[in-house]
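# Reading the structure
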Amino acid sequence: MARVVCIHGIGQQFVGERSLHATWYPALADGLTRAGSPDLVDPDDVRCVFYGDLFRPPGRTLAVQDPPLTAADVGEGFEAELLLAWWEEAARTDEAVPPPDARTLARVPRTAQRALNALSRSRFFAGIALRGLVLDLRQVRAYLCDPAVRDAVQERVAAAVTPDTRVVVGHSLGSVVAYEALCAHPRWPVRALLTVGSPLGIRNLVFDRLLPGGTGKPGDWPGGVRQWTNLADESDTVALVKDLRPLFGDRVVSKVVHNGARAHDATRYLNTPEAGRAVSDGCGLD
């Protein structure tokens, strides 16, 4: 019976529940150790919700078999807007990335190509192929804009939460999934929410598209949660807005951590004492 339920973000379509658990649990355990609670959570206490397969092309087993994607595959509207937002934030935090100019901000033709070229110089996006970046954009759009995808992901979260669950951890897009799930199920026994590398604070593209369920609205407190901790690395381009308090209220505990070159890495977030303390405190709430 899971005391801690973890929800992954984008770009995980080629892993699974067990492989996520194999990397997330040790990082979480290290964070708990740093926080002074080394024996609080056993492997069986942690469950990883997996939904990446919903974005994996059917019938394909290797990434190299997927059709090539280029800048022309970046969709207009949501995908182009999010790509531009990533570019602006990467330029702000990384001097190697040239900022978009006034002409680019007007969404002229080839803006997507210019954005991808600029992001190729970013430390944050180092190692992410153009194809992978385009797929990441599509995954965010699919969850936020496709009701069938959203429902399928939410069903998996609901199946993972048990009467023993006290903490939900959401990384990247998983923080959006976690927030909506907790808002929609205020009677769940979850007492603490930990969001890391979260895009929840991005107005228009993410925040204003949230569906808290029922009569809820974006910015509502997530269900029966008593404690919400949000961690962001200053260089995490996905977590454009580091402080969620202006949108979700002063009860959110927002902290900046330092993850080195892998600013958005889930395990770098989870092994911090800040993450360990949030989980430890949450497990102690009843």
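In this text the structure is predicted, and so the values were computed from the model without any measurement. (Residues numbered from 1 in each chain as written. Predicted model: local features only at pLDDT ≥ 70, side-chain atom pairs only at ≥ 80, totals over all residues. Heavy atoms only, no water.)

### Observations regarding the pattern of salt bridges
- With the rule as written, the count across this model stands at ten salt bridges.
- Salt-bridge contacts for Asp243 lead to Arg245; the nearest nitrogen and oxygen are separated by 2.8 Å.
- A relative accessible area of 27% places Asp243 in the partly exposed class.
- In this structure Arg245 comes out as partly exposed when scored by relative accessible area, which is 37%. (Salt bridge = Lys/Arg side-chain N within 4 Å of Asp/Glu carboxyl O. Buried < 20%, exposed > 50% of the residue type's maximum accessible area, 1.4 Å probe, protein only.)

### Section: the packing of aromatic side chains
- According to the stated counting rule, one finds six aromatic pairs in the structure shown.
- Clustering of aromatic rings is evident, with ring pairs tying together Tyr179, Phe207, Trp221, Trp228 and Phe248.
- For the cation-ring pair, Arg251 lies above Trp221, with the distance from its terminal atom to the ring centre recorded as 3.9 Å. (Phe/Tyr/Trp six-rings, centres within 6.5 Å; stacked < 30°, edge-to-face > 60°. Lys NZ or Arg CZ within 6 Å of the ring centre and 35° of its normal.)

### Some thoughts on the sheet that holds strand β3 (residues 167-171)
- Spatially, β2-β1-β3-β4-β5-β6 is the arrangement adopted by the six strands of the open sheet, whose pairing is parallel. Where the open sheet ends on each side, the last strands, each with one partner, are β2 (46-49) and β6 (252-257). Taking each pair of neighbouring strands and ignoring which way they run, the sheet shows an average axis angle of 20 degrees.
- Taken together, the five bridges between β3 and strand β4 (residues 192-196) define a ladder with parallel strand orientation. The residue of β4 that forms the bridge with Val167 is Ala192.
- Sheet strands touched by helix α6 (residues 147-160): β1 (4-7) and β2. Its angle to β2, the strand with the most contacts, is close to 170 degrees.
- Where helix α10 (residues 273-283) meets the sheet, its contacts fall on β1, β3, β4, β5 (227-233) and β6, and the angle it forms with β5 comes to roughly 170 degrees. (Pairing = 2+ DSSP bridges. Helix = DSSP H or I, 4+ residues; strand = E, 2+ residues; numbered from the N terminus. Axes fitted to C-alpha atoms, helices over the stretch in contact; angles between N-to-C directions. Contact = heavy atoms within 4.5 Å.)

### Brief notes about the environment of Gln139
- In this fold, Gln139 is placed in helix α5 (residues 130-145).
- Taking the relative accessible area as the measure of exposure, Gln139 reaches 3% and is therefore buried.
- Distance from Gln139 to Leu54, taken between C-alpha atoms, is 9.2 Å for residues 85 residues apart in sequence.
- Excluding residues that lie within four positions of it along the chain, Gln139 makes contacts with Ile10, Gly11, Gln13, Phe55 and Leu173.

### Remarks on the packing of α6 against helix α7 (residues 173-184)
- At a minimum axis distance of 10 Å, the contact between α6 and α7 shows a crossing angle of 70 degrees. When the interaxial angle is binned, α6 and α7 end up roughly perpendicular. Taking contact as the criterion, the partners of Arg150, Val153, Gln154 and Val157 in α6 are, on α7, Val177, Glu180 and Ala181.
- Considered class by class, the residues forming the contact of α6 with α7 number four nonpolar, one polar and two charged. (Parallel < 35°, antiparallel > 145°, perpendicular 65-115°, else oblique. Nonpolar A, V, L, I, M, F, W, Y, C, P; charged D, E, K, R; others polar.)

### Some words on the nonpolar core
- Ile7, Val168, Val176, Leu200, Trp228 and Phe248 are the most contacted members of the largest nonpolar core, which totals 58 residues.
- Elements that contribute at least two residues to this core include exactly β1, α2 (78-93), α4 (111-119), α5, α6 and α7.
- With nine residues, α2 is the largest single contributor of residues to this core.
- When residues no more than four places from it in sequence are discounted, the contact partners of Val168 are Val5, Ile7, Ala178, Leu182, Val190, Ala192, Leu193 and Leu194. (Core = buried A, V, L, I, M, F, W, Y, C linked by side-chain atoms within 4.5 Å.)

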